[in-house]
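# Coordinate inspection notes
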Amino acid sequence: MAAQPGGRQKPFHVVSPVLESLPLSKAAGTKVFMKLENVQPTGSFKIRGIGHLCQEAAKKGCRRFVCSSGGNAGVAAAYAAKKLGLPITVVIPSTSGPIPKRKLEELGATVEVYGKAFDDANKKAQELLKTEGWVNIHPFDDPLVWQGHASLVWELKDSLETKPDAIVLSVGGGGLLAGVVEGLQQVGWQDIPIIAAETQGAHSFQEALKAGKLVTLPDITSVAKCLGAKTVAARALECAQQCEIISQVVEDTEAVGAVEQFLDDERMLVQPACGAALATLYTGRLQQLQRQGRLQTSLASVVVVVCGGGNINTAQLRALKSQLGME
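Residues numbered from 1 in each chain as written. Predicted model: local features only at pLDDT ≥ 70, side-chain atom pairs only at ≥ 80, totals over all residues. Heavy atoms only, no water.

Let us look at the overall build of the chain. A tally of regular secondary structure across the chain gives 14 helices and 10 strands. The C-alpha radius of gyration of the chain comes to 18 Å, within 12% of the 20 Å expected for a compact globule of 327 residues. Summarising its shape, the C-alpha atoms of the chain cover approximately 55 × 50 × 40 Å along the three principal directions. For the chain, with 327 residues in total, the buried portion stands at 59%. When contacts within the chain are restricted to residue pairs at least 6 apart in sequence, long-range pairs at least 24 apart make up 71% of them. Summed over its atoms, the accessible surface of the chain is roughly 12800 Å², and 48% of this surface lies on carbon and sulfur atoms. (Helix = DSSP H or I, 4+ residues; strand = E, 2+ residues; numbered from the N terminus. Rg over C-alpha atoms; globule rule 2.2 N^0.38 Å. Buried < 20%, exposed > 50% of the residue type's maximum accessible area, 1.4 Å probe, protein only. Contact = heavy atoms within 4.5 Å. Areas by Shrake-Rupley, 256 points an atom, 1.4 Å probe, with all protein chains shown as cover.)

Given below as C-alpha cells:
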C-alpha cells in the first residue's frame with residue numbers, strides 16, 4: 001500500500017498497476033508507462049478524491065451527500081456513500097447516457113436528470129443543498145478531492161525506478177490535474193512537465209490558458225461528455241503558474257480512434273475522455289512537441305494516466321464511430 005499523506009483512514013481506492021505499454025511506446029518514440037486507473041473499483045481515478053472527500057464529510061456528521069456529475073464522479077460518490085452507509089442524491093445531465101444512470105441506481109443512489117451539461121446539473125444540486133446536514137460532493141473543485149487524487153503520484157514514486165520525463169493526462173474540470181500537481185509537489189517532482197489533453201468542444205482549460213482567466217464555453221459539443229465542464233476549476237489555472245503544463249486539444253475522431261486502438265493494443269475499453277490523453281501519444285503529438293522544443297528531445301520515459309472506462313461499452317463505441325462518420 002502506498003503511503004497515505006496525513007495517515008488518514010483506509011481509502012476506498014486501490015493501488016493501481018503501472019505497466020509498460022509496448023504499442024504506446026512504439027507510437028510515442030519513448031518508453032510509455034500506463035497508470036491504470038480504469039481498474040479502480042468504480043472504473044476511474046475519481047474514487048481517490050471523491051472517496052477522500054466523502055470520508056471527511058462523514059466524519060463531520062454529514063447526513064446525505066449531493067453530487068452533480070456526468071458520470072464517473074457520481075458513481076464514485078455513490079460507491080463511497082454505500083460504503084459509509086449514507087444516502088446520496090446524484091444529479092446528472094441528460095447527455096450522460098444510460099450507463100451511468102443504471103450504475104448509480106444499482107449503487108442505491110437517488111438519481112435526478114437535469115439540464116444538458118454538467119454546469120446545469122450542478123446548479124440543480126446547489127438548490128438541493130438547502131437541507132441541513134446535506135453535503136455537496138463536487139466532482140473536481142474541492143481541495144479534499146485534489147488531496148485524494150495526489151495519492152496517484154505517491155504510487156508512481158513507489159512503482160517507478162526513475163522519475164518520468166513527462167506525465168500525460170486528460171483535463172475536464174481540472175480535478176485530476178490539480179491532484180497530480182499537488183502530488184508532484186509533495187514528492188519533489190514538480191519539475192516534471194504535464195501534457196494536459198482535451199477534446200475540441202470541451203476545451204475550457206486551453207481557452208482559460210489563452211485568456212489568462214477562466215473562460216466559460218457556450219456549450220459542450222464534444223462526444224467526450226466526461227470532459228464536459230464548460231468552465232474549469234480556478235485551481236487548474238493556478239497550476240499552470242506553478243508547474244510546466246502543455247495544453248493539447250485533440251479532435252473527437254482522434255480520441256475515439258485512440259479508444260479503439262487502445263482496445264486492440266491493450267485489451268482494455270476506455271472512454272473518449274481517456275482517449276484524449278491516449279491520442280496525444282498515438283497521433284505523434286509528443287514527437288511534435290519535442291521538435292518544437294516544448295519538450296526535451298531525449299525522453300527516457302513518459303507516464304500516461306489511463307483515467308477511466310466505467311461509462312462505455314462496445315455498442316456505445318460503435319455508435320460513437322457511426323456518429324463521427326468513422327465507419
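Examined against the element boundaries, G173 turns out to sit in the loop between β7 (166–170) and α8 (175–187). Judged by its relative accessible area of 9%, G173 falls in the buried class. Taking the C-alpha atoms as reference, G173 lies 7.5 Å from D141; in sequence the two are 32 residues apart. Setting aside chain neighbours within four positions, we find G173 in contact with F140, A229, V232 and A233.

A separate point is the packing of helix α2 (residues 46–59) against helix α3 (residues 72–84). It is the contact of α2 with α3, at a shortest axis distance of 9 Å, that shows an interaxial angle of 40°. Overall, the two elements α2 and α3 adopt an arrangement that is oblique. Here the hand of the crossing between α2 and α3 comes out right-handed. The residues of α3 that touch α2, namely those facing K46, I47, I50, G51, C54, Q55 and A58, are N72, A73, A76, A77, Y79, A80 and L84. Here the residues of the contact of α2 with α3 are counted per class, giving 10 nonpolar, three polar and one charged. (Axes fitted to C-alpha atoms, helices over the stretch in contact; angles between N-to-C directions. Parallel < 35°, antiparallel > 145°, perpendicular 65-115°, else oblique. Left-handed = near helix turned anticlockwise from the far one by under 90°. Nonpolar A, V, L, I, M, F, W, Y, C, P; charged D, E, K, R; others polar.)

This brings us to the domain arrangement of the chain. For the chain, the assigned domains are domain 1 (18–45 + 142–324) and domain 2 (46–136). The interface of domain 1 with domain 2 comprises 29 residues on the first partner and 21 residues on the second. Here domain 1 and domain 2 share an interface that buries about 2100 Å² over both sides, 54% of which is from carbon and sulfur atoms. When the buried area of domain 1 at its contact with domain 2 is split by residue, T42, L144 and N311 rank highest and sum to 28% of it. Across the domain 1-domain 2 interface, the total number found is two salt bridges. With a closest N to O distance of 2.8 Å, E155 and R48 form a salt bridge. Counting only elements with at least two residues in the side of domain 1 that touches domain 2, the list comes to α6 (143–149) and α7 (151–159). Tallying contributions element by element places α6 first for the side of domain 1 that touches domain 2, with five residues. (Domains from an automatic or database assignment. Buried area = accessible area lost by both parts, 1.4 Å probe. Salt bridge = Lys/Arg side-chain N within 4 Å of Asp/Glu carboxyl O.)

Let us now look at the nonpolar core. Burial of nonpolar side chains together is a common tendency in soluble globular proteins. I88, I167, L169, L177, I245 and V304 are the most contacted members of the largest nonpolar core, which has 99 residues in total. Ranked by the residues each element gives to this core, the list is headed by α3, at eight residues. Here this core spans two domains, since at least three of its residues come from each of domain 1 (18–45 + 142–324) and domain 2 (46–136). Dropping the residues within four chain positions of it, I88 is found in contact with R64, F65, C67, A77, A78, A81, A109 and T110. Residues V66, V91, A121 and A125 belong to the second largest nonpolar core, which totals five residues. (Core = buried A, V, L, I, M, F, W, Y, C linked by side-chain atoms within 4.5 Å.)

Here we take up the sheet that holds strand β3 (residues 64–68). A sheet is described by the order of its strands in space; here four strands give the open sequence β5-β4-β3-β6, paired in parallel fashion. Bordering the open sheet on either side are β5 (110–113) and β6 (134–136), each of which pairs with just one other strand. Direction aside, neighbouring strands of the sheet carry axes that sit 20° apart on average. Pairing between β3 and strand β4 (residues 88–92): four bridges, direction parallel. By the bridge assignment for β4, F65 is matched with I88. (Pairing = 2+ DSSP bridges.)

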